[in-house]
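The residues making up each chain are set out below.
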Amino acid sequence: MRRENWRLEARFRSVAAVLAGLGVSCGASGAQVPFRNASPPPSAQAAGLPIVRPALVEMPFSVVGPRGAILGRQDGSYELWQFPWKILSGMKMSVRMQDYPVPIDVNEHAAEIDVEPDHTTITYSHANFTIRQIMLAPKASDAGTGAVVLYEMQAIRPMTVTFSFDPVMQRMWPADSPPPPSPEWVRNGGGSGFYILHLAFPDQAAALAIPGSEPGILPPYQERPTAWPLQFVLHFDPQQDADKAYPLLLAFADSTAAATKESLRQSLSDLESRIAAIREQNRAYYVDFLAQHAAIETPDARLNAAFSWAEIAIDQLRVQTAPGAKDEALTAGFVGSGDVTRPGFGWFFGRDALWSLYAVNSYGAFETTRAEISFLLKHQRADGKIMHERSQTADLVPWATLPYEFAAADSTPLLLMAANDYLKIGGDRGFITSIWPGLERAWNFETTHDTGGDGIYDNSQGTGWVESWVPKMPHQEIYLAALDEQASLAFADLARATGHNDLADEAQQRAARIARTIETEYYLPDTQRYAFSWNGSDGVDRTESIFPAVAWWDGTYGLERADPMMGRWADGHISTDWGTRIISDQTSFYDPISYHQGTVWPLYTGWVSVAEYRAGHDLSGYAHLMQNTNLTWAQDLGDVTELLSGRFCQVLGRSTAHQLWSSAMVISPVLRGMFGLEWNAAESALTISPHLPAAWNQAAIRRLPFGSRTVDLTFQREGREMLVQANDPGIHLASRIPGAATRNGVLHIPLPAVEAGITEQLPEYGAETNQMKVLEEKYGDRELNLRLSAPGGTMQMLSIRENGPALKLVTQDGELGSAEGGLRTLQVRFPDGDGYTEKSVTLRW
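(A) Focus on the overall build of the protein. The helix and strand inventory of the protein stands at 16 helices and 43 strands. Rg of the C-alpha trace for the protein: 28 Å, near the compact-globule value of 28 Å for 845 residues, within the 12% margin. Each of the three principal axes of the protein carries a C-alpha extent, and together these read 85 × 65 × 55 Å. Within the protein, buried positions represent 62% of all 845 residues.

What follows is the structure, given as structure tokens:
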């Protein structure tokens, strides 16, 4: 292993040690398990970043890889998938101890969960035994299986462990599935053997084994029909078996020859012989993954870890595009499917992947981007439209006749935007040239579907964002209009890079026309906000929403009169303490548990955070960034969930716990918002407009992708300046911050004389919104003006940094504390009143 990889492992282990003492977000206790079990053997050690927590039995976990998944709850029960088949569900354990005449439900004793990039371990702790359930989804293409579970045991007395599960053998939605499987126990000799789950057809079967186990319930044909679980019964003797690991082996056959008893027996034997190698391959894969992709080093260890976990969570959602295929594409996300065959959104979505490619591009997984764009273009409709979704079983049904594949309109502009983002960061003109015909078809589709006559792509070819809307379905959402403007600028870049200058000029002019039209059609002077949609002769839908935030996404555009609207996004009517609602809670049809009419999505929170940073609302941008960051530890550990209630800090029951774009919305607000990065690899230029928290003296970005190489950036405060330096002198550094200049290879960025800072953490589960909100921050002549909002009568705290000596800082609106570690506290008391009240604070020097 390279020295760099060893250094990475050591660094992430130290991060993990810091995290071990931190509380769990959204209400779960951060206490440590009183009696920590022995560490797993070195072959099972993580490739860094372990999250170790007491098991919360109702919380989900997911272990996902290219060919399969293990989805379950932290009590250790799970379902197992070999894509696109759901093989089994309801796996649980029970134990009977020698001379201990009490049957023990092992899952009731789930004590600890240890989530690492390459595997997840649930530890069951009883006075008489410890059992570790180690789960991994192999990344290696030659692993021969989609998922592996290993059981390691320690016990005082001999015990019999019974593994019970329901054989399922159903295909993922929406394909039809055969009748329930007919299990057969095949003996290997000595009582041990394996199950074959036979289907009605001889060319499809699954085999399951736990070496050394015996069958459990095997009802004879003559018995009345009933639903018995299948069981493996394992006899464990602590004197003889303490050093053994017992794998649950899965082999799947999709041909008549592979489905014979002998073939399945051989497949299981081959898999068993490779278990140690598979574990090592998974560990090495993630060590290498972390060593190759971007990482941040900041004073906030929790943020550093969340950033790396977001990369891992995205990479884990790469799934083969068909059984046996070499190609992989991004799935939208996974959670346990219960009694059905929809494991969250465990198939391929255009919009989900394209929003997420901005994160993928910015941490440098260019192969993933190329594969995703190629996959989408492979399934592009003849008229140029880009697909919305494609099931893993699409080839088994008349998918084109179902209403899903091209249901939404936004994937088409998003494809152009994501491809241009890849070009800016990767500088890969060759790839863009190779896919030019598909890009041009998408552009032609986008520019020829305007039924409203205003020159803007509209909802006539599918939904923009909302799939249901109480007032009425919109004709043209500002969401789609803002994407059309940015896609036009993106296509101009793509066309120019491939020598189509006339098309580039046309696209540039179209973008300018769209920007003017949006201001004319959508701006509401009486409320100083932008409408949700424009509906032609029916006027506008004035619903207050967060969708205008997407106008800032690409960094090339932004609405002209947005400050009052951003203040509204930051207040408690739209911003909860765990993210942004889709609409204000004052809207007549607001419903805090409605998918499109009131819930909180980390996706929306990420959009708003990027917009706020780019528009100068740094403190609210930071608050929203950290809300997404902290969700990394809130449910499916290491992943960010799909959506939460708009009223209480609680995940919705059907929320996809391991959601692609939710994790992406940790990375994009960090790099594009807080660090303010804009790439132009073709011209070797990197624009950096950072908005680092007031408490940070320094930070670094490691292995930032830039063309065919990577670069390290360091950020260091020095008096009234932020000094930014790259370890590659061939990259030209610049900034959008007035007064910034590069001298001797160092970018000098002016800092304000005074900065304010806030802290952000998720509340307890079930809590309502009651944290302070920063509605506005503006600098004047030797003064900083803050407009704040908090529950009436409360005392709130900010931190204040003075970047110059002897400033003689004063305020009449709060109490300044003495300086400590370069920061001062500012206590602010808010006026009495019901609900939130506002307070303006002016700091002068």
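(B) Spatial organisation of the sheet that holds strand β31 (residues 698-706). Pairing is antiparallel in the open sheet, where six strands are placed in the order β18-β31-β32-β33-β36-β35. Two strands bound the open sheet, and with one partner strand each, they are β18 (295-297) and β35 (741-743). Going across the sheet, the axis of each strand differs from the next one's by a mean of 25°, ignoring polarity. Examined bridge by bridge, β35 and strand β36 (residues 746-750) share three bridges and lie antiparallel to one another. Residue pairing in the sheet places Thr742 in a bridge with Leu747 of β36.

(C) How the structure looks around the nonpolar core. Counting 240 residues, the largest nonpolar core has Tyr151, Trp465, Phe547, Trp607 and Phe675 as its most contacted members. It is helix α11 (residues 478-497) that provides the largest number of residues to this core, a total of twelve residues. Residues contacting Tyr151, with those up to four places away along its chain left out, are Tyr78, Met91, Met93, Ile131, Arg132, Gln133, Phe163, Lys244, Ala245, Tyr246 and Leu248.

(D) Fine view of the packing of aromatic side chains. Tallying each qualifying case throughout the model produces 50 aromatic pairs. Across from the ring centre of Trp465, 4.5 Å away, lies the NZ or CZ of Arg351, which sits over that ring. A cation over an aromatic ring shows up here: Arg561 above the ring of Tyr523, its NZ or CZ 3.8 Å from the ring centre.

(E) Representation of the packing of helix α15 (residues 618-630) against helix α16 (residues 660-674) in the model. Between α15 and α16, the least distance of the axes is 9 Å, while the angle of their chain directions is 150°. One element, α15, and the other, α16, form an angle in the roughly antiparallel class. The two elements α15 and α16 cross, and the hand of that crossing is left-handed. Taken together, the residues of α16 that come into contact with α15 (itself represented by Leu625, Asn628 and Thr629) are Met665, Val666, Pro669, Val670 and Met674. Among the residues making up the contact of α15 with α16, the classes are represented as six nonpolar, two polar and no charged.

(F) Quick look at the sheet that holds strand β1 (residues 51-54). Strand order in the open sheet made by the nine strands is β1-β7-β8-β9-β10-β17-β14-β13-β12, with antiparallel pairing throughout. Pairing within the sheet leaves two strands with one partner each, and these edge strands are β1 and β12 (182-189). For this sheet, the mean inter-axis angle between neighbouring strands, taken without regard to orientation, is 15°. Both strand β8 (residues 119-126) and strand β9 (residues 129-136) contribute to a ladder of seven bridges, which runs antiparallel. For Thr121, the partnering residue across the bridge sits in β9 and is Ile134.

(G) Inspection of helix α12 (residues 501-522) at higher detail. End to end, α12 covers 31 Å across 22 residues, agreeing with the expected 32 Å (1.5 Å per residue, within 8%). Turning to α12, its buried residues number three or more, namely Leu503, Ala504, Ala507, Arg510, Ala511, Ile514, Ala515, Thr517, Ile518, Glu519, Glu521 and Tyr522.

(H) Examining the pattern of salt bridges more closely. Per the stated rule, a full pass over the model turns up 40 salt bridges. Between Asp571 and Arg568 there is a salt bridge whose closest N-O contact spans 3.4 Å. Looking at Arg568, the relative accessible area reads 22%, which means it is partly exposed. Several salt bridges share partner residues, and in doing so they unite Lys139, Asp315, Arg318 and Glu328 into one network.

(I) Fine view of helix α14 (residues 602-614). Taking 1.5 Å of rise per residue, 13 residues should cover 18 Å, and α14 covers 18 Å from first to last C-alpha, within 8% of that figure. Counting buried positions along α14 gives twelve out of 13 residues, so the element sits mostly inside the fold. Listed as buried for α14 are Pro602, Leu603, Tyr604, Thr605, Gly606, Trp607, Val608, Ser609, Val610, Ala611, Glu612 and Tyr613. Buried-residue contacts for α14 involve α6 (350-363), α11, α13 (563-570), α15 and α16. Downstream of α14 by one or two residues, Gly616 has phi in the positive range, about 90°.

(J) The arrangement of the environment of Asp834 in detail. Relative to the elements of secondary structure, Asp834 occurs in the loop between β42 (823-829) and β43 (836-844). Considered as a pair, Asp834 and Phe648 are 186 residues apart in the sequence and their alpha carbons are 19 Å apart.

(K) Highlighting the packing of α13 against α14. Here α13 crosses α14 at 135°, and the two axes come no closer than 11 Å. Between α13 and α14, the angle falls in the class oblique. As α13 packs across α14, the resulting crossing turns out to be left-handed. Contacts between α13 and α14 involve Met566, Trp569 and Ala570 from the former and Val608, Ala611 and Glu612 from the latter. Taken together, the residues that form the contact of α13 with α14 break down as five nonpolar, no polar and one charged.

Here is what the cut-offs are and how they apply
Residues numbered from 1 in each chain as written. Predicted model: local features only at pLDDT ≥ 70, side-chain atom pairs only at ≥ 80, totals over all residues. Heavy atoms only, no water. Helix = DSSP H or I, 4+ residues; strand = E, 2+ residues; numbered from the N terminus. Rg over C-alpha atoms; globule rule 2.2 N^0.38 Å. Buried < 20%, exposed > 50% of the residue type's maximum accessible area, 1.4 Å probe, protein only. Pairing = 2+ DSSP bridges. Axes fitted to C-alpha atoms, helices over the stretch in contact; angles between N-to-C directions. Core = buried A, V, L, I, M, F, W, Y, C linked by side-chain atoms within 4.5 Å. Contact = heavy atoms within 4.5 Å. Phe/Tyr/Trp six-rings, centres within 6.5 Å; stacked < 30°, edge-to-face > 60°. Lys NZ or Arg CZ within 6 Å of the ring centre and 35° of its normal. Parallel < 35°, antiparallel > 145°, perpendicular 65-115°, else oblique. Left-handed = near helix turned anticlockwise from the far one by under 90°. Nonpolar A, V, L, I, M, F, W, Y, C, P; charged D, E, K, R; others polar. Expected span 1.5 Å × (residues − 1). Salt bridge = Lys/Arg side-chain N within 4 Å of Asp/Glu carboxyl O.

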